[in-house]
Amino acid sequence: MAAHRYWRLHIADSNGGTSVVISELAMAETAGGANVCTGGTASASSVNASQFASLAFDGVVTPASSWQSSTNLYGGGGTGNTAWIQYDFNTNPRDIVEIKITFATGISNLNLAPKAFSLYYSDDNITWTRQRSWAEQVFAYGETKTYDATPMSSALINNRVLFDRKLKDTF
């Protein structure tokens, strides 16, 4: 694996809310290692009010210190768009192998937790490469989930074809 300057968490879906909240996003270069998101710059595709991307990297786990994407992005009348939050390590590229996501107690709705997301990296903030993806995630209030972010071997990727059966109406 190699170190990269930019790391982005792309959130494809929330748990039913129209936006997504991440109270804390930590990245580590070793399993169980220290959070290396210090001294860099946080950004996001969008923010809701004053819930800026930098709040997800400040080490404080409260609803007021959480990043929230703009509203109307996901299900429940959303536009079908997605959101992302990223960290620029500036002149100190990192090789991320683990991430931790925290969803604070007291956030207005559990539906705002991320459900499906992928970790991407880039060296120029233009071309992005997916490192790993997760789906069907459910968070409880105050929960921190740790994810192995090492790249999946191509030998572990299975392709599956789903057949669509057309049923004849018999009315």
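What you are looking at is a predicted structure, and each value in this text was computed from that prediction instead of being measured.

**Q** A description of the overall build of the protein should follow, citing residues and the corresponding values.
**A** Of the regular secondary structure elements, the protein holds zero helices and 10 strands. By residue count, 40% of the 171 residues in the protein fall in the buried class. In the protein, the share of contacts with a sequence separation of at least 24, taken over all contacts with a separation of at least 6, comes to 71%. Total accessible area computed for the protein in this model is approximately 9300 Å², and 50% of it derives from carbon and sulfur atoms.

**Q** With reference to specific residues and values, describe the pairing of strand β3 (residues 24-28).
**A** Taken across its five residues, β3 has five buried, putting it largely inside the fold. The alternating pattern of β3 places E24, A26 and A28 and L25 and M27 on opposite faces, both of which are buried. As judged from the five bridges shared by β3 and strand β7 (residues 98-103), these two strands associate in the antiparallel manner. Bridge pairing links L25 to I101 in β7.

**Q** For the environment of D88, give the residues involved together with the corresponding values.
**A** Its location among the elements puts D88 in strand β6 (residues 83-88). In this structure the C-alpha to C-alpha distance between D88 and T41, which are 47 residues apart in sequence, comes to 5.0 Å. One polar contact links D88 to R5, side chain to side chain, over a distance of 2.7 Å.

**Q** Now, about the sheet that holds β3: what can you tell me, with residues and values included?
**A** Taking strand neighbours across the sheet as the criterion, the three strands line up as β3-β7-β10 in an open arrangement whose pairing is antiparallel. Bordering the open sheet on either side are β3 and β10 (143-148), each of which pairs with just one other strand. Put simply, the sheet's adjacent strands are angled 15° from each other on average, direction ignored.

**Q** Residues and numbers for the packing of aromatic side chains, please.
**A** All chains considered together, the criterion is met by nine aromatic pairs. With a centroid separation of 6.3 Å and an interplanar angle of 65°, the aromatic rings of Y6 and W128 are classed as edge-to-face. One end of the pair, Y6, is in strand β1 (residues 6-14); the other, W128, is in the loop between β8 (114-122) and β9 (129-134), and 122 residues separate them in sequence. By the burial criterion, Y6 is buried, and W128 matches it. Among the aromatic side chains, those forming a connected cluster through ring pairs are F57, Y87 and F89.

**Q** I'd like a rundown of the side chain of S65, residues and numbers included.
**A** Position of S65 among the secondary structure elements: in the loop between β4 (41-44) and β5 (67-68). Setting aside anything within four residues of it in sequence, one finds S65 in contact with S23, L55, D58 and V60.

Criteria and cut-off values
- Residues numbered from 1 in each chain as written.
- Predicted model: local features only at pLDDT ≥ 70, side-chain atom pairs only at ≥ 80, totals over all residues.
- Heavy atoms only, no water.
- Helix = DSSP H or I, 4+ residues; strand = E, 2+ residues; numbered from the N terminus.
- Buried < 20%, exposed > 50% of the residue type's maximum accessible area, 1.4 Å probe, protein only.
- Contact = heavy atoms within 4.5 Å.
- Areas by Shrake-Rupley, 256 points an atom, 1.4 Å probe, with all protein chains shown as cover.
- Pairing = 2+ DSSP bridges.
- Polar contact = N/O pair within 3.5 Å; in protein donor to acceptor, adjacent residues only side chain to side chain.
- Axes fitted to C-alpha atoms, helices over the stretch in contact; angles between N-to-C directions.
- Phe/Tyr/Trp six-rings, centres within 6.5 Å; stacked < 30°, edge-to-face > 60°.

By themselves, these are just geometric observations and shouldn't be taken as functional.
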